[in-house]
Structure formats: C-alpha cells, structure tokens
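Summary of the model geometry
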Amino acid sequence: MKNILDFDYEGLQKYLTENYQIEKYRTDQICDWIYKKRIFNFDNMTNLSKEIRKILNENMLILLPNIVQKQISKIDGTTKYLFELPDGNLIESVLIYYPSRTIACISTQVGCPLKCAFCSTGKSGFVRNLSVGEIVGQLLAIEKDNNIDINNLVYMGMGEPLLNFENVIQSVNIFNDPKMKKLGARHITISTAGIPHKIEELANLNKEIRLSVSLHATTNSQRDKIMPINHAYPIEEVIQSCRIYQHKTNKRVTFEYILIKGFNDSPEDALRLVDIFKDMKVMVNLIPINANPSGFEKPSKRFIDQFLDVLLKKGIDAVVRAEKGSDISAACGQLRLRKLKDIS
C-alpha cells in the first residue's frame, strides 16, 4: 500500500495511469479532494466511479499523522501538535497565528543530528528523515483539525531540512503545485543551520521559496561552542553560499540570530554582524533565547534594544521576533524528541 501523499502531481498521474489505467484527468479530481476539500477517505470522493474508488482503497492510503497531544497557548493561541507516525515515532509541529497570516511550522526529521546547544530537539537525538508524505501530512492534519486553509509554511520544526533535501523539495513541489495545495512559493520558507553545498543546490533550483539561515554568532570560535556544525561549515563558507544563492535568485536572505546574555549580545557582536553582511540584501530576525537545555539566559531589554539599534543605524533590516507559544514550549528551539512512554 502506497501513501498517496508521497506523490507529486506528475508522479501520481503516471502511477495511476500505468498501473491501473485510470484516466489522467482523474488525478486532478483526486488532488482536488485531498488538497482543496480536505477529504481523506476515497469513498467520499463522489465524482470518482465505484471501480476507481475500489482500486484506490485496495492499493493506496491517505496517511495523516495521528494527533497524540495538542497544546494551545493561553497567551497567543499558538498550538503545538505531537504527532505519531505509522512506525510509532513522534514529531512536533506548530500552528502560529498572526493578524495577517497563519503559519504552520513543520518538521523534516525525527529528532535532529546537529546537536545545537540551545535547542531541545538536537539534545534529544536523531532517529531518521521523514518521508515526503510524512512532511506533507503534518500541514494537512493541522488544516483538518482546525478546518482552515494555512497560507504560510516554514520548515523550522524538528530537524535540518537540507539534510533531507530530496524529500523536502518534493514536498515543496506538492505544496506549491496549483493542482495540489497551491501554496505560493513566496509563502514557503526553508530554514537551515547552514549546509553550504545544499544552499547552492537550492539556488540552482531557482524557486521562489524563501531561505532562512540560523547564524547565531559572529565569530567561528563563538559559533563552534553552540553549533557543532560550524566545525564542518564555518561562517565564511555559509555566508559565501548565501551570497551565491542571492546572486542566482536575486532574493533577500533571512538570518536568524538568537541573543544569549553575555555571549553574543554586545554592540561589538552587532558591528561584526554588520560587517559579515556587507553588500548583501538581508533581513535579520533577532530572537531572545527561550528556555533551553543548556541554561543560557535571555539578555535584558536594554541589551536587546541596543543590539537592534546598532543594526538599524548601519542600514541592516532587522526586527526582534515576537515570542510565540513559550508557555507550551512551542517557541524557537523548544521542540523536542519524545517517545510514547513519555506521554502520560
């Protein structure tokens, strides 16, 4: 039995035509039911013949992850989902509300191999990559649960998206396809800790999607202490790949910068950041650190404002990101790998 969510449009059409002689236009109808109408039962797809529905039921599944737990923030309505996958592994995804948009933050791996010091996901280990259908299914499950159309998507949940490159890009194609989810590419963001050759590979695809890079430090010695990946891919290589990305796509790159008290929050750090971004079009999201496994502390408002002011006065577009879902551990760096035995 194949998960229909693993297929992009052309792949599904080819599979159904070659294996079951189902007319090509039927793929449009099936995708409309799943991605537009949020119908996940073949028997309810009433414009398909009984014969086609029988073929689909006998050979394919529409596998959405099972909701094990749902937590809703009392502060801002942010909703965190704990999903169970068919093999029993668990992942977390987040639904975030803003006045002008609704964002789904989805995962790409069970756990994460990068082991960043400030991140709960990496501290709890890595199991495997998610399949295409497991990535796609998170968004569809959240939409179904809330009966809404989500208009913004960020690959910022558990895992490093560029280490699951092929499946992530396949899922982007599904979300973006007008005959499937029809989510505008500019409303899709892939976040990475910085895998230079994969950033360049993403640039070569020349898609309209947005790139967000987690930098979090202004020197290699500093970044080494909190992001082990920096030993393999130092700041200079990451920034160079971002320059190549920008040259090929003509798109602004967003950089995430977690502010840690007494570690990377000084005016000197801000000035080094300005120098790093020389001649680049960037947007900097400053993120005062959330509760984390290493016990790092959040800077005072004075230090946060001072850091932001340095960037703005030097012509760098920057904002302090609004904290969402911190009371349910749904904020940046707080998603964690869990096992069913952990759930009470």
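Notes on the structure in this doc start here.

What counts and how
Numbering of residues starts from 1 in every chain and runs along the sequence as written. The model is predicted, so local features are restricted to residues of pLDDT at least 70 and side-chain atom pairs to those at 80 or more, both for listing and for counting; the totals for chains, interfaces and linings are taken over all residues. Calculated side-chain values reflect all of the structure's heavy atoms, with hydrogen atoms and water omitted. Accessibility here uses a 1.4 Å probe with only protein chains present; expressed as a share of the type maximum, an area under 20% marks a residue as buried, one over 50% as exposed, and anything in between as partly exposed. The way it works is that DSSP assigns letters per residue, a run of H or I at least four long becomes a helix, a run of E at least two long becomes a strand, and they are numbered from the N terminus. Throughout, the arc means the angular range of directions from the helix axis out to the C-beta atoms. In this analysis, two residues are considered to be in contact whenever any of their non-hydrogen atoms come within 4.5 Å of each other. We call two strands paired when DSSP finds no fewer than two bridges between them. Here, the term right-handed applies to a crossover whose path from the first strand over the helix to the second runs clockwise when the strands point away from the viewer. How far a helix is expected to stretch is found by multiplying one less than its residue total by 1.5 Å. In these notes, a set of buried Ala, Val, Leu, Ile, Met, Phe, Trp, Tyr and Cys residues joined through side-chain atoms within 4.5 Å is what counts as a nonpolar core. Axis lines are fitted to C-alpha atoms, over the contacting stretch for helices. Their N-to-C directions set the angle, which ranges from 0 to 180 degrees. Note that the term roughly parallel is reserved for angles under 35 degrees, roughly antiparallel for angles over 145, roughly perpendicular for angles of 65 to 115, and oblique for everything else. Left-handed describes a crossing in which the near helix is turned anticlockwise from the far one by less than a right angle; the clockwise case is right-handed. Nonpolar residues are Ala, Val, Leu, Ile, Met, Phe, Trp, Tyr, Cys and Pro. Charged residues are Asp, Glu, Lys and Arg, and all others, Gly as well, are polar. A pairing counts as a salt bridge when a side-chain nitrogen of Lys or Arg comes within 4 Å of a carboxyl oxygen of Asp or Glu.

Right, let's talk about helix H10 (residues 267-276) for a bit. The complete set of buried residues in H10 reads Asp 269, Ala 270, Leu 273, Val 274 and Ile 276. Down the axis of H10, the sector holding all buried residues measures 160 degrees, keeping them to one side. Buried residues in H10 make contact with helix H8 (220-226), helix H9 (235-249), strand S12 (253-259), strand S13 (282-288) and helix H11 (301-313).

Both faces of the sheet carry side chains from a regular strand, because those side chains alternate between them. Burial of strand S10 (residues 188-192) is extensive: five of the five residues sit out of reach of the surface. The alternating pattern of S10 places Ile 188, Ile 190 and Thr 192 on one face and Thr 189 and Ser 191 on the opposite face, and all of these are buried. Strand direction decides the pairing type here: strand S9 (residues 152-155) and S10, joined by three bridges, are parallel. Within the sheet, the bridge partner assigned to Leu 153 lies in S10 and is Ile 188. Crossover handedness for the path S9 to helix H6 (residues 165-176) to S10: right-handed. Strand direction decides the pairing type here: S10 and strand S11 (residues 210-214), joined by four bridges, are parallel. Paired with Ile 190 across the strands is Leu 211, a residue of S11. Traced from S10 through helix H7 (residues 196-205) to S11, the parallel crossover comes out right-handed.

All right, on to unusual backbone geometry then. Even without a glycine there, the phi angle at Asn 250 is positive, about 60 degrees. Within the secondary structure layout, Asn 250 lies in the loop between H9 and S12. The phi dihedral of Asp 279 is positive, around 65 degrees, even though this residue is not glycine. The topology assignment puts Asp 279 in the loop between H10 and S13.

With that settled, consider H6. Look at H6: 16 Å from first C-alpha to last across 12 residues, which is about the 16 Å you get at 1.5 Å a residue. For H6, every residue scored as buried is listed here: Phe 165, Val 168, Ile 169, Ser 171, Val 172, Ile 174 and Phe 175. Those residues of H6 that are buried are in contact with helix H2 (25-36), helix H5 (132-146), S9, S10 and H7.

All right, on to the side chain of Thr 189 then. Tracing the chain through its elements places Thr 189 in strand S10. For Thr 189, a relative accessible area of 13% translates into the label buried. Filtering out sequence-adjacent residues up to four positions away, Thr 189 remains in contact with Leu 153, Val 154, Tyr 155, Met 156, Arg 210 and Ser 212.

This brings us to the nonpolar core. Ranked by internal contacts, the top residues of the largest apolar core, which has 101 residues, are Ile 34, Tyr 155, Phe 255, Phe 277, Val 284 and Leu 311. In terms of residues, this core owes the most to one element, H5, which gives seven residues. When neighbours within four sequence positions are excluded, Leu 311 is seen to be in contact with Ala 270, Leu 273, Val 274, Val 284, Leu 286, Ile 316 and Ala 318. Counting five residues, the second largest nonpolar core, distinct from the first, contains Val 94, Ile 96, Cys 105 and Val 154.

We now examine the packing of H5 against H6. Where H5 meets H6, the axes come as close as 8 Å, and the angle between the chain directions of the two elements is 45 degrees. Judged by the inter-axis angle, H5 sits oblique to H6. Between H5 and H6 lies a crossing of right-handed hand. Between H5 and H6, the contacting residues are Val 132, Ile 135, Val 136 and Leu 139 on the first element and Asn 167, Val 168, Gln 170, Ser 171, Ile 174 and Phe 175 on the second. Looking at side-chain class alone, the contact of H5 with H6 contains seven nonpolar, three polar and no charged residues.

Spatially, the 10 strands line up as an open sheet ordered S3-S4-S5-S6-S9-S10-S11-S12-S13-S14, and their pairing is mixed. Taken across any chain shown, the strands that pair with only one partner, and hence form the sheet edges, are strand S3 (66-72) and strand S14 (317-320). When strand polarity is set aside, the average angle formed by the axes of neighbouring strands in this sheet is 20 degrees. Both S13 and S14 contribute to a ladder of four bridges, which runs parallel. Within S14, the residue paired with Met 283 across the bridge is Asp 317.

Attention now goes to the pattern of salt bridges. If you walk through the whole model with that rule in mind, you get 20 salt bridges. Two residues, Arg 128 and Asp 87, come together in a salt bridge whose shortest N-O distance is 2.9 Å. With Arg 128 in strand S8 (residues 126-129) and Asp 87 in the loop between strand S4 (79-84) and strand S5 (90-97), this pair connects stretches of sequence that are 41 residues apart. Taking the relative accessible area as the measure of exposure, Arg 128 reaches 22% and is therefore partly exposed. Look at Asp 87 and you get partly exposed, because its relative accessible area is 47%. Here Glu 201 makes a salt bridge to Lys 198, at a shortest N to O gap of 3.1 Å. In this pair, Glu 201 and Lys 198 are both assigned in helix H7, three residues apart and thus about one turn of the helix distant. On the basis of relative accessible area, Glu 201 is assigned to the partly exposed category, the value being 30%.

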